[in-house]
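# Secondary and tertiary structure notes
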Amino acid sequence: MHRFRFGIRFKLVVFSSFLFAIPWLGYQYVWELETYLRIGQEQTMVGTARAVATALHERPALFDSQSAFLSDVKPGTDLYAYKIAYPIQLDGKLDDWQDYQPLMLNYGESYLIDQVQDYDPQSLHFTHMVGQFDHYLYAMFKVVDDKVVFRPNNSLRIDRNDHLQIAMTDENGHFQRYIVAPYKAGWVNAYLLKNEIESLQPDKPETRIQGQWRNTAEGYVIELRFPLSMMSSKIAFAIVDVDDPINRQVEYTIGTANPSQEDSLGTVLVPSPEIENILKGLQYSNARVWVIDKHRRVLARSGQIQRSSGVQSTTNDASAQSWWHYIEKEWLFPLYYQILTKPPADFVDDLQDAYALKGQDISQALLGTPSTLWRISPDNKAVILSAAHPIYIDKNVMGAVVVEQTTNGIRTLRNKALEQQFHFFLAVIVLGTLALFLLASRISWRIRKLRNETEEAIDSHGKIVGQILPSKANDEIGDLSRTFNSVLAKLGQYNAYLENMASRLSHELRTPVAIVNSSLENLSSENHSAESQQYITRAKEGIARLSKILTNMSEATRLEQAIQNNDREIFNVVEVLQGCVQGYKLVYPQREFILENKNTSDQITLSGAPELFAQMLDKIIANAVDFSADKGVINFKLQQTERTFNLQISNSGGLLPDKMQHQLFDSMVSVRQSQSSEQAHLGLGLFIAKIIAQYHQGDISISNLKDQSGVVVTLSFAL
């Protein structure tokens, strides 16, 4: 199975991935820096809250008129006049109140003041709200009344019909009562009642209390307004229901408090203009500031949380049209902000219309301990930090200052810092990886060059045919190149010595062999005893074998020299093969030779030397004869294709050993189990046959027959 190869370049690229630890460390550093910036922002906001609270300490006049001294606040009785953004059109349609519906209160059975019969919710209940705009207090009543009874046209009494009662303490602290009881729907004013508590007789009209009465399908709607200067902080509203137009008896009275009793009046908290004037200068402080009383009700506020981003960040647009700005905007920033998050341009403010605040920081501040609180906006887009500080009057906590900011400024600074860091990190990673890749490519190229030179210096037979050029580089690869050059030179010298050894031995031994052979010839010409003649005969056989060995040793060398010096010619393979087969029949009469030349032409040509081709066949046939039995068949099978022709020479007999087929063509390799005493075999026959086949640009292979009856040698040549 092929295994994936890890090159040097790949490994260096992998190792260069550790460069990504640099941006990770920088990213963690910036996050840690953001943590410290948040701590600094927290301390700064506590300082801001403390400074504002210092301006409000020991100033009871700011709280006297704001009902802040109440020990307890009763919802529905103690009212909060929400600051209205725009003046209300007194038309009875309630269109201007739609934005404030969540602040409206429902009044029903739990707010009954007086009743004559069992309460029926369908007979009377209402929705109520008060608000403040400029110097006026606005009030709305959406009344559900199954029977609306107006004041008769000729009646001087104002209490025997459906009407609205208002009770308050005026700017001088005097208890005053009013009734709104019109003859019909439309524009209305109130009547000031006489001071007798038990009496509901009108004293005079009060035109400062003005509004609109409008009938609806469910009952009626009343919209009113009157100047804030008419009252101090105590007030009560009550709706009186009359259903029978004959006896005109009051059936129900539902209200915020009992308007007939001064001590039961509720309070109305109107945002303090004096405190707002103090906070007015803080609208430039990049924070939203609240002042609340000890009942958590809002006395004043300044600023918008959407603009309270905390730390201010500036942008440099000097290069807004530069090419670098284009690259940042179109390519880099979209990549960076896959990780980073932009501060939202807008988010949901759950305290936008709040008239009372809550939170752990406020609870701690009202207990006398400055505190901070982190919270997330309802849409999870912004993180808001609030800091609360108590306000003291006569050593008592009378309220708190709450300062709020978002972390958008810090997040923007963090993003700007990370943008610059990412520029640097990206440059380091790209340049570092590119440098490592180029270095790895250079090293790989030098190693591949050294490998190629080494492969080209030695051919497939192990013969040294070239050299390795020594490198001049003073590094490890250069040292390796010079070492290979030195080793290859020494191996070349040693191989040259081995290549010339056969011819030298043949040259040096032929003279002693000739002397011995001639001496034996002279001895054999003389008369010797039968025993002596036997020794002489054995000596002559030994000298003959020695001569054969010397001839075989020099044959391969002479063949290589002949191939190098031989001129190629075009010859007919079929003619050479037919001639050789006829010769083999004469030389080896004890064997049967068969030539199969079906489906082939008589003109198959090769470029080479016909005598060398015949010598190749001689070597193969010599092995086939040695490994086949007498009367055995040696078969020649010639096959031709469009581009090649194959020659298969097979013989019956012994089989090749396992895993030896590829080694039989090497020099000095033989698989004969026993050798004839008359023949010398050095294992050069098939080696010589392979050299000749390669000279003719062919391949040679040997294997056992499929039926395991013998051996087949296959020769393949390109036409």
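Residues numbered from 1 in each chain as written. Predicted model: local features only at pLDDT ≥ 70, side-chain atom pairs only at ≥ 80, totals over all residues. Heavy atoms only, no water.

## Considering a negative patch on the surface
Note the following rule: Candidates for patches are residues over 30% relative accessible area with no salt bridge; among them, like charges are joined within 9 Å and nonpolar side chains (Val, Leu, Ile, Met, Phe, Trp, Tyr) within 5 Å. Computed by Shrake-Rupley with a 1.4 Å probe, the accessible areas treat only the displayed protein chains as cover when residues are assessed. Salt bridges, as used here, are contacts in which a Lys or Arg side-chain nitrogen is within 4 Å of a carboxyl oxygen on Asp or Glu. Asp and Glu count as negative and Lys and Arg as positive, but His and the ends of the chain are not part of the count. Charge placement uses NZ in Lys and CZ in Arg. For Asp and Glu, CG and CD serve respectively. Only DSSP runs of H or I reaching four residues or more are called helices, and only runs of E reaching two or more are called strands; each is numbered from the N terminus. Categorising residues by exposure relies on relative accessible area from a 1.4 Å probe, with only protein chains included: less than 20% of the type maximum marks a residue as buried, more than 50% marks it as exposed, and the intermediate range marks it as partly exposed.
Taken together, the side chains of Asp95, Asp96, Asp99 and Asp353 present a region of like negative charge at the surface. Note on placement: Asp353 falls in the loop between helix H5 (323-336) and helix H6 (360-366). Relative accessible area serves as the criterion here: at 34%, Asp353 is assigned to the partly exposed category.

## What to know about the pattern of salt bridges
Following the criterion strictly, the structure yields twelve salt bridges and no others. Residue Arg208 is joined to Glu206 by a salt bridge in which the shortest nitrogen-to-oxygen separation is 3.0 Å. We classify Arg208 as partly exposed; its relative accessible area is 39%. We note a salt bridge from Arg375 to Glu404, for which the minimum N-O separation is 2.9 Å. Here the residue Arg375 occupies a position in strand S17 (residues 371-376), and Glu404 occupies one in strand S19 (residues 396-406), the gap between them amounting to 29 residues. Taking relative accessible area as the criterion, Arg375 reaches 18% and is therefore assigned buried.

## Focus: the sheet that holds strand S18 (residues 383-393)
Stated precisely, the cut-off is as follows: Here, a strand pair is defined by DSSP locating no fewer than two bridges between the strands. Note on method: axes are straight lines fitted to C-alpha atoms, helices fitted across the in-contact stretch only, with angles between N-to-C directions ranging 0 to 180 degrees. Note on definitions: a residue-residue contact is assigned when non-hydrogen atoms from the two residues lie within 4.5 Å.
A sheet is described by the order of its strands in space; here five strands give the open sequence S16-S15-S19-S18-S17, paired in antiparallel fashion. The open sheet has two edge strands, strand S16 (298-302) and S17, and neither has a second partner. Each strand of the sheet is rotated relative to its neighbour by a mean of 20°, with strand direction disregarded. Pairing of S17 with S18, which is carried by six bridges, proceeds in the antiparallel orientation. Across the sheet, residue Trp374 finds its bridge partner in S18, namely Leu385. Against the sheet, helix H4 (residues 273-280) touches strand S15 (288-293) and S16, its axis set at about 25° to S16.

## Things to note about the sheet that holds strand S24 (residues 644-652)
The mixed open sheet is built from five strands, whose spatial order is S21-S23-S24-S26-S25. At either margin of the open sheet sits one strand with a lone partner, and together these are strand S21 (592-596) and strand S25 (698-704). Sheet twist, expressed as the average angle between the axes of neighbouring strands with direction ignored, equals 15°. Pairing of S25 with strand S26 (residues 710-718) involves seven bridges; the strand directions are antiparallel. Paired with Gly698 across the two strands is Phe717, which belongs to S26.

## Digging into the environment of Thr169
Let me state the cut-off plainly: By the criterion applied in these results, polar contacts are pairs of N or O atoms within 3.5 Å in which, for protein atoms, one can donate a hydrogen and the other can accept it, and in which residues neighboring in sequence qualify only through two side-chain atoms.
Topologically, Thr169 is positioned in strand S7 (residues 163-169). If sequence neighbours within four positions are ignored, Thr169 has contacts with His174, Met230, Met231, Ser232, Ser233, Lys234, Glu262 and Leu265. Among the polar contacts made by the side chain of Thr169, one reaches the side chain of Ser232 at a distance of 2.5 Å.

## Some thoughts on the packing of aromatic side chains
Basically, it comes down to this: Pairing of aromatic side chains requires ring centres within 6.5 Å, counting the rings of Phe and Tyr and the six-membered ring of Trp. Pairs whose planes differ by under 30 degrees are stacked, by over 60 edge-to-face, and all others tilted. Over a ring means this: the NZ of a Lys or the CZ of an Arg is within 6 Å of the ring centre and within 35 degrees of the ring normal.
Following the criterion strictly, the structure yields 15 aromatic pairs and no others. Judged by centre distance (6.5 Å) and plane angle (35°), the rings of Phe593 and Phe636 are tilted. Here Phe636 lies in strand S23 (residues 633-640) and Phe593 lies in strand S21, a separation of 43 residues in the sequence. Put simply, the rings of Tyr107, Tyr111, Phe126, Phe141 and Phe237 pair up and form one aromatic cluster. Above the plane of the ring of Trp374 lies Arg38, whose end atom (NZ or CZ) is 5.5 Å from the centre.

## Notes on the nonpolar core
Operational definition: For our purposes a nonpolar core is just a set of buried Ala, Val, Leu, Ile, Met, Phe, Trp, Tyr and Cys residues, chained together by side-chain atoms within 4.5 Å.
In terms of nonpolar packing, the biggest core is built from 50 residues, with Trp97, Met129, Val291, Leu357 and Val401 touching the most fellow members. Among residues more than four places away in sequence, those in contact with Leu357 are Trp290, Ile292, Arg296, Val298, Leu351, Ile362 and Val402. Formed by 45 residues, the second largest nonpolar core is a distinct cluster that contains Cys580, Leu606, Val625 and Ile634.

## Concerning the packing of helix H2 (residues 21-56) against helix H7 (residues 408-457)
Basically, it comes down to this: When an angle is under 35 degrees it counts as roughly parallel; over 145 it counts as roughly antiparallel; between 65 and 115 it counts as roughly perpendicular; any other value is oblique. Here a crossing is called left-handed whenever its near helix is offset anticlockwise from the far helix by less than a right angle, and right-handed whenever the offset is clockwise.
Taken N-terminus to C-terminus, the directions of H2 and H7 make an angle of 165°; their axes are 10 Å apart at the nearest point. The orientation of H2 with respect to H7, classified from their angle, is roughly antiparallel. Crossing geometry of H2 relative to H7 is assigned as right-handed. In this structure, H2 uses Ile22, Pro23, Gly26, Tyr27, Val30, Trp31, Glu34, Leu37, Arg38 and Gln41 to contact H7, whose residues at the interface are Ile410, Arg411, Arg414, Ala417, Leu418, Gln421, Phe422, Phe425, Val428 and Ile429.

## Brief notes about the side chain of Asn623
Following the sequence through the fold, Asn623 ends up in helix H11 (residues 610-626). Judged by its relative accessible area of 18%, Asn623 is buried.

## Focus: the side chain of Thr407
Mapped onto the elements of the fold, Thr407 is located in the loop between S19 and H7. We classify Thr407 as buried; its relative accessible area is 0%. Apart from residues lying up to four places away in sequence, Thr407 is in contact with Arg38, Gln41, Ser309, Trp374 and Val383.

## Observations regarding unusual backbone geometry
Phi is positive for Glu58, close to 55°, though the residue is something other than glycine. Structurally, Glu58 can be placed in the loop between H2 and helix H3 (61-64). Given the relative accessible area of 45%, Glu58 is considered partly exposed. Positive phi, close to 70°, is recorded for Arg296, a residue that is not glycine. By the element assignment, Arg296 lies in the loop between S15 and S16.

## Thoughts on the packing of H11 against helix H12 (residues 685-695)
Stated precisely, the cut-off is as follows: Any residue outside Ala, Val, Leu, Ile, Met, Phe, Trp, Tyr, Cys, Pro, Asp, Glu, Lys and Arg is labelled polar, Gly included; the first ten of those are nonpolar and the last four are charged.
Contact geometry for H11 and H12: axes closest at 9 Å, N-to-C directions at 150°. On the basis of the axis angle, H11 is roughly antiparallel to H12. When you trace H11 past H12, the crossing you get is left-handed. Across the interface between the two elements, Leu612, Phe613, Gln615, Met616, Lys619, Ile620 and Asn623 of H11 pack against Gly685, Leu686, Ile688, Ala689, Ile692, Ala693 and Tyr695 of H12. Looking at side-chain class alone, the contact of H11 with H12 contains ten nonpolar, three polar and one charged residues.

## With respect to H12
Given 3.6 residues per helical turn, the α-helix brings residues three or four places apart onto the same face. Among the eleven residues in H12, nine count as buried, and that is most of the element. Residues Leu686, Phe687, Ile688, Ala689, Lys690, Ile691, Ile692, Ala693 and Tyr695 constitute the buried set of H12. Just downstream of H12 lies Gln697, where phi reads positive at about 60°.

## Focus on the confidence of the model for the chain
The line we're drawing: A residue's pLDDT is the predictor's confidence in that residue, given on a scale from 0 to 100.
Here the chain averages 83 in pLDDT, and 89% of its residues register 70 or above. When the criterion is pLDDT under 50, residues 674-678 qualifies, and its contacts beyond four places in sequence or with other chains add up to three contacts.

## Structural notes on the pairing of strand S13 (residues 250-255)
For S13, a buried count of five out of six residues is recorded, marking the element as mostly surrounded by other parts of the structure. Bridge analysis of strand S4 (residues 112-115) against S13 gives three bridges, and the strand direction is antiparallel. Residue pairing across strands places Asp114 opposite Thr253, the latter belonging to S13. Where strand S12 (residues 234-242) lies against S13, five bridges are found, and the strand directions are antiparallel. Considered in S13, the bridge of Val242 is made with Val250.

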